[in-house]
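Remarks on the overall topology
Now for the letters of each chain:
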Amino acid sequence: MSAIRPAARTLPRPFSLHWGNGRIVEEATYAGQHHQPSLQLLEFEDGSAAVRFCYYDHAGRFQRSPLIVSNDEIAGLKDALAAAPRLRSLLRELVS
């Protein structure tokens, strides 16, 4: 099976949730066998920040289902976090 590459998504890019709008400013994503799990740093218009755990299908469409990741995908996301220092720092707080 050939390697699947994660879709290139521009940063920053806007998001809109029913409780606020803002920009996705950092993203770590990995193209797994079944989907593309993604960890995103969201900056809201009011200056607050949040981490979104989500995934995209291989056609690049955002999915509104629970994120489930395998051991391989965890390793791939870990590698992808090297390019997302603020997001990596927030996740470090989660596990410390």
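Above this note sits the structure.
Conventions adopted
Residues numbered from 1 in each chain as written. Predicted model: local features only at pLDDT ≥ 70, side-chain atom pairs only at ≥ 80, totals over all residues. Heavy atoms only, no water. Pairing = 2+ DSSP bridges. Helix = DSSP H or I, 4+ residues; strand = E, 2+ residues; numbered from the N terminus. Contact = heavy atoms within 4.5 Å. Axes fitted to C-alpha atoms, helices over the stretch in contact; angles between N-to-C directions. Salt bridge = Lys/Arg side-chain N within 4 Å of Asp/Glu carboxyl O. Buried < 20%, exposed > 50% of the residue type's maximum accessible area, 1.4 Å probe, protein only. Polar contact = N/O pair within 3.5 Å; in protein donor to acceptor, adjacent residues only side chain to side chain. Patch = residues over 30% accessible without salt bridge, like charges linked within 9 Å, V, L, I, M, F, W, Y side chains within 5 Å. Areas by Shrake-Rupley, 256 points an atom, 1.4 Å probe, with all protein chains shown as cover. Core = buried A, V, L, I, M, F, W, Y, C linked by side-chain atoms within 4.5 Å.

If you walk across this open sheet you meet the five strands as β1-β2-β3-β4-β5, and the pairing is antiparallel. Each end of this open sheet is capped by a strand with a single partner; those strands are β1 (13–17) and β5 (62–63). Bridge count between strand β2 (residues 20–29) and strand β3 (residues 36–44): seven bridges; the pairing is antiparallel. Residue pairing in the sheet places A28 in a bridge with L39 of β3. Here helix α1 (residues 71–80) sits on the sheet and contacts β2 and β3; the angle it forms with β2, its principal contact strand, is near 105 degrees.

This next bit is on the pattern of salt bridges. One pass over the full model with this rule turns up five salt bridges. Its salt-bridge partner being E43, residue R23 comes within 3.6 Å of it at the nearest N-O pair. Note that R23 is positioned in strand β2 and E43 in strand β3, a separation of 20 residues in sequence. Bridged by salt links that share partners, the residues R9, R13 and E27 form one connected network.

Our focus in this paragraph is the side chain of T29. The topology assignment puts T29 in strand β2. With a relative accessible area of 17%, T29 lands in the buried category. Within the local environment of T29, its side chain forms a polar contact with the side chain of R9, the two groups lying 3.3 Å apart. Among the polar contacts listed, one links the side chain of T29 to the backbone oxygen of P37, at a separation of 2.9 Å.

Turning to the side chain of R13, a few remarks are in order. Within the element layout of this structure, R13 appears in strand β1. A polar contact of 3.1 Å, which involves the side chain of R13, links it to the side chain of Y56. Here R13 is in contact with G22, R23, I24, E27, Q40 and Y56, once residues within four sequence places are set aside.

On to a nonpolar patch on the surface, then. Among the surface-exposed residues, F53, L94 and V95 lie close enough to one another that they form a single nonpolar patch of about 350 Å² accessible area. Tracing the backbone shows V95 in helix α2 (residues 85–95).

Attention shifts here to the nonpolar core. Counting residues in hydrophobic clusters, the biggest one holds ten residues: V25, A28, L39, L41, L77, A80, L81, A84, L87 and L91. Counting only elements with at least two residues in this core, the list comes to β2, β3, α1 and α2. The contacts of L77, once residues within four sequence positions are left out, are A28, T29, Y30, P37, L39 and V69.

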